[in-house]
Amino acid sequence: TEIYTLSLHDALPIYVAIALACAFVLATPTWDWFYLFCAGVVAWTLTEYGMHRWLFHRLYRTEHWRHHRKPLEWIGLSPLLTGGSLALAYLFALGFGWGAGGMLFAGYAYGYFVYILIHFMIHHTSDRVVAKLRATHEMHHAGVERNFGVSTNLWDHVFRTYTGPEKRKARL
């Protein structure tokens, strides 16, 4: 029989639940918390872009190219690095207090969870929901040093690293 072990990604909803529980138990909820949650999601998307562009494509290039060569076999980093990064993000967020920090972190961790889901869907499904993201991500995997955003192309537009599939077809 196969024994199921809990991975970091499986535990992510637990992290979000703990952050939310701490926020609601240790602080008085306010309407601002919704905006803080959304700010956490946006902060994650910027982190995702920055890590992919400047960390994975520079410092961890060899490890990251394993994913580029065989995207169906390997997605992500070691649980220790990812878990440590999330722990640091939570400590940073708590600098804003239990309530505000808990909501910021909950949004951040939720953004990470959505990133994992979208990245999986891009490589393992043909779902039309992620079709445009898949097209730009496949260009990135083909060697285009652009399109670093996975769950959103927002930061690629901001930092002028976006190349749409329509531009690639025009060049061919």
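A brief look at the structure comes next. (Residues numbered from 1 in each chain as written. Predicted model: local features only at pLDDT ≥ 70, side-chain atom pairs only at ≥ 80, totals over all residues. Heavy atoms only, no water.)

1. Comments concerning a nonpolar patch on the surface
Here's step 1: Together, L46, W54, L154, V158 and F159 give the surface a local cluster of nonpolar side chains, amounting to about 430 Å² of exposed area.
Here's step 2: Mapped by element, the contributors of at least two residues to the nonpolar patch are α2 (32-59) and α7 (154-158).
Here's step 3: Within the secondary structure, L154 sits in helix α7.
Here's step 4: For L154, a relative accessible area of 41% gives the class partly exposed. (Patch = residues over 30% accessible without salt bridge, like charges linked within 9 Å, V, L, I, M, F, W, Y side chains within 5 Å. Areas by Shrake-Rupley, 256 points an atom, 1.4 Å probe, with all protein chains shown as cover. Salt bridge = Lys/Arg side-chain N within 4 Å of Asp/Glu carboxyl O. Helix = DSSP H or I, 4+ residues; strand = E, 2+ residues; numbered from the N terminus. Buried < 20%, exposed > 50% of the residue type's maximum accessible area, 1.4 Å probe, protein only.)

2. A short note on the packing of aromatic side chains
To describe a pair of aromatic rings, one takes the distance between the centres and the angle between the planes.
Here's step 1: Taken as a whole and judged by the stated rule, the model has 13 aromatic pairs.
Here's step 2: Summarising the aromatic geometry, the rings of W44 and Y108 are spaced 5.4 Å apart at their centres and angled 85° between planes, so their arrangement reads as edge-to-face. You can see W44 sitting in helix α2 and its partner Y108 sitting in helix α5 (residues 98-124), a full 64 residues away along the chain.
Here's step 3: Its relative accessible area of 6% is what places W44 among the buried residues.
Here's step 4: Ring geometry for Y49 versus W54: centroids 5.8 Å apart, planes at 85°, classification edge-to-face. (Phe/Tyr/Trp six-rings, centres within 6.5 Å; stacked < 30°, edge-to-face > 60°.)

3. Let's talk about the packing of α2 against α5
Pairs of packed helices are described in terms of their axes, by the angle between the two and the distance that separates them.
Here's step 1: Look at α2 against α5: their axes get within 7 Å of each other, and the N-to-C directions meet at 45°. Viewed along their axes, α2 and α5 adopt a mutual orientation that is oblique. For the element pair α2 and α5, the recorded crossing hand is right-handed. Residues W33, L36, F37, A39, G40, V41, A43, W44, T47 and E48 of α2 lie in contact with α5, whose contacting residues are G99, A100, M103, L104, A106, G107, Y108, Y110, G111, Y112 and Y115.
Here's step 2: Residues belonging to the contact of α2 with α5 are distributed by class as follows: 15 nonpolar, five polar and one charged. (Axes fitted to C-alpha atoms, helices over the stretch in contact; angles between N-to-C directions. Parallel < 35°, antiparallel > 145°, perpendicular 65-115°, else oblique. Left-handed = near helix turned anticlockwise from the far one by under 90°. Contact = heavy atoms within 4.5 Å. Nonpolar A, V, L, I, M, F, W, Y, C, P; charged D, E, K, R; others polar.)

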